[in-house]
Amino acid sequence: RSFRSSSTYQTLIGYKKTITENPISYEIQKVTKTPEVMLNDQVQFELLYKNTGKRSIDNVYIVVDKWDDGLVYDSFIDENNIWTHSINNQGKHVWTLKGNLAGYSTQSLYVVFNTTKVGTFTNYITSGDKTAKNDTKVIKPGMDVNKVSLTPEVYVDGEKQVYKNG
């Protein structure tokens, strides 16, 4: 628009600018490093937090929400010393990332459980409105030994010996 004053003409330009923030976008995953283990062995799970957007995320955390009877929490492995471990007021294990998670990057840690029963057991993690789970199969080692003689009758020092199979 323009308008006329007594001495000059002025031109005014108007425009509208919309600023759109990049939304926070992330995924969590839980990967069993040992999907089948023997009874009384340990099983390891890798917990991954993946920033799928370009915006840096602060307050990154993962909660081990619940696990089936037959798994007993033992410990965690933080190879890069980038997570803080705590127990929340519900008694759940929580890991919080020290610092921000850059866009399009992933950080992880490992949790270790002892196995106390035979079966397939599920373990769940959460972060915000996201949930991930997977299963571990715990088996009992077993082996039967049957003695079978191919020659059930033999002579030892001239005496006949008979072996029964089974």
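About the thresholds
Throughout, a residue's number is its position along its own chain's written sequence, starting from 1. Totals for whole chains, interfaces and linings use every residue, but because this is a predicted model, local features are given only for residues with pLDDT of at least 70 and side-chain atom pairs only at 80 or more, for both listing and counting. Heavy atoms from the whole structure form the basis of all side-chain values; hydrogens and water molecules are not counted. Salt-bridge detection follows one rule: a side-chain nitrogen of Lys or Arg within 4 Å of a carboxyl oxygen of Asp or Glu. Strands here are runs of E lasting at least two residues and helices are runs of H or I lasting at least four, both read from the DSSP assignment and numbered beginning at the N terminus. Partly exposed residues are those whose accessible area sits between 20% and 50% of the maximum for their type, while under 20% is buried and over 50% is exposed, using a 1.4 Å probe and protein chains only. We define a nonpolar core as any set of buried Ala, Val, Leu, Ile, Met, Phe, Trp, Tyr and Cys residues linked to one another through side-chain atoms lying within 4.5 Å. Two residues form a contact once any of their heavy atoms are found within 4.5 Å. When DSSP locates at least two bridges between a pair of strands, those strands are taken to pair. Interaxial angle, 0 to 180 degrees, is taken between N-to-C directions of lines fitted to C-alpha atoms, where a helix line uses only the stretch in contact. Note on aromatic pairs: the rings of Phe, Tyr and Trp (six-membered ring only in Trp) are paired at centre separations within 6.5 Å, and the planes decide the class, stacked below 30 degrees, edge-to-face beyond 60, tilted for the rest.

(A) Region of interest: the pattern of salt bridges. What the rule picks out here adds up to three salt bridges. A salt bridge links glutamate 46 to lysine 33; the shortest N-O distance between them is 3.5 Å. Of this pair, glutamate 46 sits in strand β5 (residues 42–51) while lysine 33 is found in the loop between β3 (26–32) and β4 (36–38), placing the two residues 13 residues apart along the sequence. A residue is classified by how much of its surface remains accessible, and glutamate 46, at 12% relative accessible area, is buried. The residue aspartate 69 makes a salt bridge to lysine 117 at a minimum N-O spacing of 2.4 Å. Of this pair, aspartate 69 sits in the loop between β6 (61–67) and β7 (71–77) while lysine 117 sits in the loop between β10 (106–115) and β11 (119–127); the two residues are 48 residues apart in sequence, bridging distant segments of the chain. You can call aspartate 69 exposed: its relative accessible area is 56%.

(B) Structural detail: the nonpolar core. In terms of nonpolar packing, the biggest core is built from 25 residues, with Leu47, Tyr49, Trp83, Trp95, Val111 and Phe113 touching the most fellow members. Elements with a minimum of two residues in this core: β3, β5, β6, β7, β9 (93–97), β10, β11 and β12 (130–139). If you tally residues by element for this core, the top one is β5, at four residues. Not counting the four nearest positions on each side in its chain, leucine 47 is found in contact with Gln29, Lys30, Ile62, Val64, Trp95, Gln107, Ser108, Leu109, Val111 and Ile125.

(C) The sheet that holds β3, seen in detail. Pairing is antiparallel in the open sheet, where four strands are placed in the order β3-β5-β10-β7. One side of each edge strand has no neighbouring strand; the edge strands of this open sheet are β3 and β7. Each strand axis lies, on average, 25° off the axis of its neighbour in the sheet, ignoring direction. In this structure, β7 lies alongside β10, joined through six bridges in antiparallel fashion. Residue phenylalanine 76 lies in a different strand from β10, and its bridge partner there is valine 111.

(D) Up close: the packing of aromatic side chains. Under the counting rule described, the total for this entry stands at six aromatic pairs. Relative to phenylalanine 113, the ring of phenylalanine 45 lies with its centre 5.6 Å away and its plane at 80°, an arrangement referred to as edge-to-face. Taken together, the residues span a long stretch of sequence, with phenylalanine 45 in strand β5 and phenylalanine 113 in strand β10 at a distance of 68 residues. Note on accessibility: phenylalanine 45 and phenylalanine 113 belong to one class, buried.

(E) Examining the environment of glutamate 27 more closely. Among the secondary structure elements, glutamate 27 is positioned in strand β3. With 103 residues separating them in the primary sequence, glutamate 27 and lysine 130 have C-alpha atoms 7.3 Å apart. Aside from chain neighbours lying at most four places away, what touches glutamate 27 is Leu48, Tyr49, Lys50 and Thr52.

(F) Geometry of the sheet that holds β12. Within the open sheet, the six strands sit side by side as β4-β12-β11-β6-β9-β8. Their pairing is mixed. The open sheet is flanked by β4 and β8 (83–87), the only strands paired with a single partner. Mean inter-strand twist for the sheet, computed between neighbouring axes without regard to direction, equals 30°. Alignment of β4 against β12, held across three bridges, turns out to be parallel. Residue pairing for β12: glutamate 36 is matched across the bridge by lysine 137.

So yeah, pure geometry; function would need other evidence.
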